[in-house]
Each structure stands twice: as C-alpha cells, then as structure tokens.
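Chain and residue survey
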Amino acid sequence: MGKALYELGEIPPLGEVPQRMYASVIRRERYGRPVDAFRTEVVDVPPVGRGQVLVMMMAAGVNYNNAWAALGRPLDVIKARQRRGECEDFHIGGSDGSGVVWAVGEGVAQVKVGDEVVLSGCQWDESAADIRLGADPMTSVTQRVWGYESNFGAFAQFSVVDEYQCHPKPARLTWEEAACFMVTGATAYRQLCGWPPHTVRPGDPVLIWGGAGGLGSMAIQIVDLLGGVPIAVVSNEERGEYCLRLGARGYLLRGDYTHWGRLPDIDDEAATSAWTSEVRRFGKRFWEILGERRAPRIVLEHSGQDTIPTSMYLCDTAGMVVICGGTTGYHADVDLRFLWMRQKRLQGSHFANSQQCRAVANLAGTGRLDPCLSWTGTFEELGAAHQMMRDNQHPPGNMAVLVNAPARGERHAAGLA
Ligand code: NAP
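Residues numbered from 1 in each chain as written. Predicted model: local features only at pLDDT ≥ 70, side-chain atom pairs only at ≥ 80, totals over all residues. Heavy atoms only, no water.

**Regarding the overall build of the chain**
Each helix and strand in the chain was counted, giving 14 helices and 18 strands. Compactness check: the chain gives a C-alpha radius of gyration of 22 Å against a globular reference of 22 Å for 417 residues, within 12% of the reference. Principal axes of the C-alpha set define a box for the chain whose edges measure 75 × 45 × 45 Å. Within the chain, the fraction of its 417 residues that count as buried is 55%. (Helix = DSSP H or I, 4+ residues; strand = E, 2+ residues; numbered from the N terminus. Rg over C-alpha atoms; globule rule 2.2 N^0.38 Å. Buried < 20%, exposed > 50% of the residue type's maximum accessible area, 1.4 Å probe, protein only.)

Following this line, the structure appears as structure tokens:
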C-alpha cells in the first residue's frame, strides 16, 4: 500500500495515486492581495470522472486570471461555483501547466498513464448541443476557464483535466518552459489568426499593447512569423528593448502621452482638443516607427478602459481591434462615429480552441515560438508571483513555478537535463 501523502518533488511510483496532496489554496476569507491569498494546504486528491485525466503536475504557469481570483473580483470564483452546486469552499487555481498523466477515467483513448503533457486552459462539454451542431467550443454555453472558473487547476500536486486539454509536451522544453506559454500564446494566436478576414497578412502593421507582457511577447513573435509588422507599446525602455529582441519593429512609450482613460465629454471642446492632439501625436510616432503613414490593420488589446479609445482611433479603416481582457477597467468609451464611418471591427476574443492550442504547442515545440520564460519560482512563491503581476512589477514574458519538478541546480546534480 502506498503513502497517503507525498512531499512536493517526491514522485510516487507511476500511476500510484495518493489520497492527499499539497495545493496552493485560495479561500474567501483570504480574498485580497494575492501575496496573502494563496496558502499551501493539504487537501484530498480529486476523483477522476469519465473522459477525465489525472495529471501529476511538474510545473505550473502564472497568469493574470488568478490574480483576479485572489482579489475575489470581478468574479468571486468560489461563490460562483457554489451557486452552480459545487461543494468545495476553496479555490485551487492555475490555467497553465505541464506534467505526467497519472490516471485516466473511463472512455479516455488519446492519452495513457506516463504520457508527458502540456495542458490547455479551457473546458467544455463535448456532448453539448451547440458543440454537436458545429459551434467552436470556445463559444459553447458550457465553456469555462480551467483553474479559474473551474476548481482543481494547476497549482497542486495533482490536477484533473478533460482529455482534450492534454497536448504532447515538446521534448525540447523544460517542464517550466512547457508550463508557461499556453494561456498567453494560444490567446494571442486566436486574436491574430482566429477572426477572418482580419488575420495577419504579410506586411500588415499590428499594434500590440503591453508588448513585453505575457500576451504581448507571444503576439510579437506570432505577428513576425506571419510576416506582419509588430509594433509594441510599453512603459519603459528596458521592456521596449525586450520587444525589439523578440522581433518588434519598434515601440512606443506610453508614459510619453497623457490621454489615457475614458474619453472627455463631447461638449468639452478644450478637453476634446487636448485628447485629439495627444492621440494624433501617438499615431504620428506609430508612423515614424513603421516608416510610412499606415495605420495598424489589427490592434491587439487587453489593457481595456485606459487604451480602447486610442486603439479605436488608431485602427485602420476596415481594420480590427481584438480584445481579450480589461486590466485597467471594463467601462471603455468608443466614439461610435469612427466605428461605423470607418467600418472598423471591435472583436471580443477569449482563450483558444483545441486546434489553436495545438498550433501554438507545435510552434513552441519546433522552436519557432520562444515561450519567453523569464522567472521560475517555487511552489511557495505563487502568491508573490501573482502579486508581482498585479503590481506590474514582474519581469517581461511569462512566469512559472515548479510543482514536482526539481529545481535546475538539483536537476544538474542528479544528471538530468
Ligand atoms: P501581463 O504579462 O501583466 O502583461 C500585461 C501588460 O499590460 C503589462 O506588461 C503592461 O506593460 C501593460 N499594461 C499595464 N497597465 C497598462 C495600462 N494602463 N495601459 C497600457 N498597458 C498597460 O499580463 P498578460 O498575461 O499579458 O494579460 C493581460 C490581460 O489579458 C490580463 O487582464 C489578463 O487577465 C487578460 N488575458 C485574457 C485572456 C483570455 O483568454 N481572455 C488570456 C490571457 C490574458 P507596460 O507597463 O510595459 O505597458
């Protein structure tokens, strides 16, 4: 009979499932600053249902969604699940991870115990009526973000996922590299390739907010791979240099401009004129970097309220602003005159379907997409990592923590890659 609980980094015999596990847990009474909200606890290993897979996590990626989960807003994730009838009074987050298939439920055919996998971060009911009628699963009424809207995400020794969330782990990547890129990479990929006819064509200028962030670092590389011209916005020169190394044509420093936030009142002529002159100055700098007077055909948005007015203004006639988040707020102003007269498109986009996730895994697996892992922490540092992200103090690119994988030094000592 095996042990009931293994220490972090202590690997049970393949396929042996202990009763209990360590998990980084958020509880409602700890909602608030991420650094205080996450705490390591011992909980039961979750059961594996039909079509599901139990994965022993080696590393987990850090994403903004669990900074929101820790804050308890805009969604109280625990209360929302309880309303749906789920009983747990805690949240185990984490929508990105890599690990080893440890057990499979009934009906699982594509993966087997021992397979090394990278996980994708959304779940849906494959038998849902809308999916059976041909809908993209990301638009299904059953779609949920794993490790945010659903429980038992990547921040634990074991996670439960649906079979289709498992993608082969690229051999060239370490566990932590494999764990860090799927949420941001696949989200950026869908934004840039998933909304025809507004997909990146060779020569298309693309404006990318937060170019050195998770989404931004992936987006710059994808635009470059597709032959487009990525131009980033960042808050300092160091981040700008990072974007250049990833393939950006250039970068704008958002601190050089003052017109952020909601639009001034249309009757306030002085404020409107000040806003217009700032946004024009911003647009002129974009032209200078591009080397010609062309507007971005696609604007990759996630910053939201502070930046949408600029995105909508700058976007080319018949171009698209594609948005997947609202870090600075959700009440963004759109001057509808520009939307209709210049026939622009404001498109919502959310994570990615399985095909898009596999495309991104393949790009990373063949070395064409750098996962941009910039920081690897310990399991105990999950709260600190989300706090850095919330404070916009994190290093460029993507971050991961080690769950069961050994640290780099220990790996060398043990003669492992
Ligand atoms: P990230 O790594 O923190 O990058 C975001 C970047 O935004 C930062 O690097 C920062 O760059 C920039 N930024 C911060 N404040 C800004 C402001 N006031 N104006 C303009 N830019 C600002 O986060 P991420 O992983 O890229 O995620 C970004 C957002 O997208 C989050 O809200 C996240 O929840 C959302 N998201 C959604 C999905 C989805 O599936 N729907 C998937 C991934 C992410 P500078 O300070 O250098 O400008």
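Now, onward.
**What to know about a nonpolar patch on the surface**
Taken together, Leu14, Val104 and Val113 make up a surface patch of nonpolar side chains, about 230 Å² in accessible area. Tracing the chain through its elements places valine 104 in strand E5 (residues 97-104). Accessibility expressed as a relative area gives 34% for valine 104, which makes it partly exposed. (Patch = residues over 30% accessible without salt bridge, like charges linked within 9 Å, V, L, I, M, F, W, Y side chains within 5 Å. Areas by Shrake-Rupley, 256 points an atom, 1.4 Å probe, with all protein chains shown as cover. Salt bridge = Lys/Arg side-chain N within 4 Å of Asp/Glu carboxyl O.)

**Thoughts on the nonpolar core**
Ile92, Leu192 and Phe351 are the most contacted members of the largest nonpolar core, which has 104 residues in total. Among the elements that line this core, the one with the most residues is strand E3 (residues 52-62), at 9 residues. Residue assignment places this core across two domains, with domain 1 (20-181 + 371-402) and domain 2 (185-348) each supplying three or more. Ignoring sequence-local partners within four residues, the contact set of isoleucine 92 consists of Met21, Ala23, Ser24, Val25, Val43, Gly147, Ser150, Asn151, Phe152, Gly153, Phe155 and Ala156. Within the second largest apolar cluster, 18 residues are counted, among which are Val229, Ile308, Leu314 and Cys315. (Core = buried A, V, L, I, M, F, W, Y, C linked by side-chain atoms within 4.5 Å. Domains from an automatic or database assignment. Contact = heavy atoms within 4.5 Å.)

**What to know about the side chain of aspartate 115**
With respect to the helices and strands, aspartate 115 occurs in the loop between E5 and strand E6 (116-119). At a separation of 3.0 Å, a polar atom in the side chain of aspartate 115 contacts the main-chain amide nitrogen of lysine 112. Those residues within four positions of aspartate 115 in sequence are excluded, and the remaining contacts are Gly99, Val100, Val101 and Gln110. (Polar contact = N/O pair within 3.5 Å; in protein donor to acceptor, adjacent residues only side chain to side chain.)

**Description of the domain arrangement of the chain**
According to the domain assignment, the chain contains domain 1 (20-181 + 371-402) and domain 2 (185-348). For domain 1 and domain 2, the distance between their C-alpha centroids amounts to 29 Å. Taken together, the 14 residues of domain 1 in the interface contact 15 residues of domain 2. Between domain 1 and domain 2 lies a buried interface of about 1,100 Å² when both sides are counted; carbon and sulfur atoms form 49% of it. Together, Cys372, Asn392 and Pro396 form the three largest contributors to the area buried by domain 1 at its contact with domain 2, with a combined 38%. Applying the counting criterion to the domain 1 and domain 2 interface returns 1 salt bridge. The closest approach of N and O atoms between aspartate 136 and arginine 190, which form a salt bridge, is 2.9 Å. (Buried area = accessible area lost by both parts, 1.4 Å probe.)

**Structural notes on the sheet that holds strand E16 (residues 345-348)**
The 6 strands are arranged E13-E12-E11-E14-E15-E16 in an open sheet whose pairing can be described as parallel. Two strands bound the open sheet, and with one partner strand each, they are strand E13 (250-253) and E16. Adjacent strand axes in the sheet meet at a mean angle of 20 degrees, parallel and antiparallel pairs treated alike. Pairing of strand E11 (residues 205-208) with strand E14 (residues 298-301) involves 3 bridges; the strand directions are parallel. Bridge pairing links isoleucine 208 to leucine 300 in E14. Sitting on the sheet, helix H8 (residues 237-246) is in contact with strand E12 (229-234) and E13, with an inclination near 160 degrees to E13. Sitting on the sheet, helix H9 (residues 269-290) is in contact with E11, E12 and E13, with an inclination near 160 degrees to E13. (Pairing = 2+ DSSP bridges. Axes fitted to C-alpha atoms, helices over the stretch in contact; angles between N-to-C directions.)

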